[in-house]
Amino acid sequence: MKSGFARVIAVVLFMMAAQVHAGAVDTLQQEYIAAGAGPFSAAKGKEMWIEKHLDAESGKQRNCQSCHTEDLSKPGKHAKTGKVIEPLAPSVNNERLTDIKFINKWFKRNCKWTLGRECTAQEKGDFLEYLRGL
Amino acid sequence: MNLSCKRLNEVIPVTDETYLEECGSCHFAYQPGLLPEASWRKLMDAAALEDHFGDNAELDEEVRLHIEELLVNASADKSHYKRSKKITASLREDKAPLRIIDTPYMKDKHDEIPANLVKDNPKVKSLSQCDKCHHKADQGIYDDDTVAIPGHGNWTW
């Protein structure tokens, strides 16, 4: 009986978590659509994720993997500062893609660091579409 | 007014939630009293934050101003805490170093520590990670009794 109740709680919590997760990404994608972007493609997001950009100052190529590394279910490491970055895949890190302010903050910082400019609404929508499936 | 000498020995702890979250989620939340006002003003400049020791650490303007204000208000040169005063007194030509470890006081305090305990110690890596060895660093306490170097035990002078 006890374990049955615990299971119900677990399922409810899981559903709540899943909903919050869908919530932040869906809300942002709706915003991007309102700004004229869409539809969004996970394949395009993945392509941009690994696309390399030359950093004029260091003369080195940068992409998202420079810091997040190739396996998003594992911790990453900042290419310049060495800071440990928590896994980005929502399947192993349920805090990911749940907080709109956090997502906006790091889109702004990391697009500028990697691409040298802010990302467009279309690009952000594609990135989120790719990441939510991991 | 706090007349307890003990509590004024160190640097004033930082409790501001925004500071702990915005700065402390990436690195140790250095107390404001570890650098003078001029250093914090340089570090917290909006353009400077876009290249914050190699990473982009841009903040919303409202948050940036809030953090800059709290850092400036409790900066080393405005503090009555002893360690902050010593940091300020040690400043020479460079009145506004960007790194705490570049203040003469801090350099002097750490210059005898061999590289294998810090830089080449995989559990420490850099003097910038105060809390790796100073186990009460988050409370603003840095005296010798609270130092234990990971993998090497207590530090003895």
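Residues numbered from 1 in each chain as written. Chains lettered and ligands numbered in written order. Predicted model: local features only at pLDDT ≥ 70, side-chain atom pairs only at ≥ 80, totals over all residues. Heavy atoms only, no water.

(A) Expanded view of the overall build of chain B. When helices and strands are counted, chain B shows seven helices and two strands. Pairs at least 24 residues apart make up 56% of the contacts formed inside chain B by residues separated by at least 6 positions. With an accessible surface of roughly 9,100 Å², chain B has 52% of that area assigned to carbon and sulfur atoms. (Helix = DSSP H or I, 4+ residues; strand = E, 2+ residues; numbered from the N terminus. Contact = heavy atoms within 4.5 Å. Areas by Shrake-Rupley, 256 points an atom, 1.4 Å probe, with all protein chains shown as cover.)

(B) Structural view of the side chain of Glu58(B). Position of Glu58(B) relative to the elements: it lies in the loop between α3 (46–49) and α4 (61–73). When its relative accessible area of 10% is taken as the criterion, Glu58(B) is described as buried. There is a polar contact of 3.0 Å between the side chain of Glu58(B) and the side chain of Lys112(A). Excluding its chain neighbours within four sequence positions, the residues that come into contact with Glu58(B) are Lys108(A), Arg109(A), Lys112(A), Leu49(B) and Glu50(B). (Buried < 20%, exposed > 50% of the residue type's maximum accessible area, 1.4 Å probe, protein only. Polar contact = N/O pair within 3.5 Å; in protein donor to acceptor, adjacent residues only side chain to side chain.)

(C) Structural view of the state of the cysteines. All names here are of chain A. Scanning the entire structure with this criterion turns up one disulfide over all chains. Disulfide partner of Cys 111: Cys 119, at an S-S distance of 2.0 Å. Residues Cys 111 and Cys 119 are joined by a disulfide whose S-S torsion is about -100°; by sign, that bridge is left-handed. Of the two residues, Cys 111 and Cys 119, neither departs from the other in class, the shared state being buried. Note on Cys 64: no disulfide assigned, nearest cysteine sulfur contributed by Cys 111 at a separation of 7.5 Å. (Disulfide = S-S within 2.5 Å.)

(D) The arrangement of the environment of Thr103(B) in detail. All names here are of chain B. Topologically, Thr 103 is positioned in the loop between α5 (82–90) and α6 (104–110). For Thr 103, the residues in contact, after removing those within four places along its chain, are Leu 34, Leu 35, Ile 87, Ser 90, Leu 91 and Pro 97. Polar side-chain contacts of Thr 103 include one of 2.8 Å to the backbone oxygen of Ile 100.

(E) Molecular detail of the environment of Ser39(B). Residues and elements named next belong to chain B. With respect to the helices, strands and loops of the structure, Ser 39 is situated in helix α2 (residues 37–43). Once the C-alpha coordinates of Ser 39 and Ser 75 are considered, the two residues, 36 residues apart in sequence, prove to be 9.0 Å apart. Not counting chain neighbours up to four residues away, the residues in contact with Ser 39 comprise Lys 95, Ala 96, Pro 97 and Leu 98.

(F) Broad picture of the pattern of salt bridges. Enumeration according to the criterion identifies 15 salt bridges over all chains in this entry. Its salt-bridge partner being Lys105(A), residue Glu22(B) comes within 2.5 Å of it at the nearest N-O pair. In this pair, Glu22(B) is assigned in helix α1 (residues 17–22) and Lys105(A) in helix α4 (residues 100–115), connecting two distinct chains. Each member of the pair, Glu22(B) as well as Lys105(A), carries the same accessibility label: buried. Residue Arg64(B) pairs with Glu68(B) through a salt bridge whose shortest N-O separation is 3.7 Å. Of the two residues, Arg64(B) and Glu68(B) both sit in helix α4, four residues apart, roughly one turn of that helix. (Salt bridge = Lys/Arg side-chain N within 4 Å of Asp/Glu carboxyl O.)

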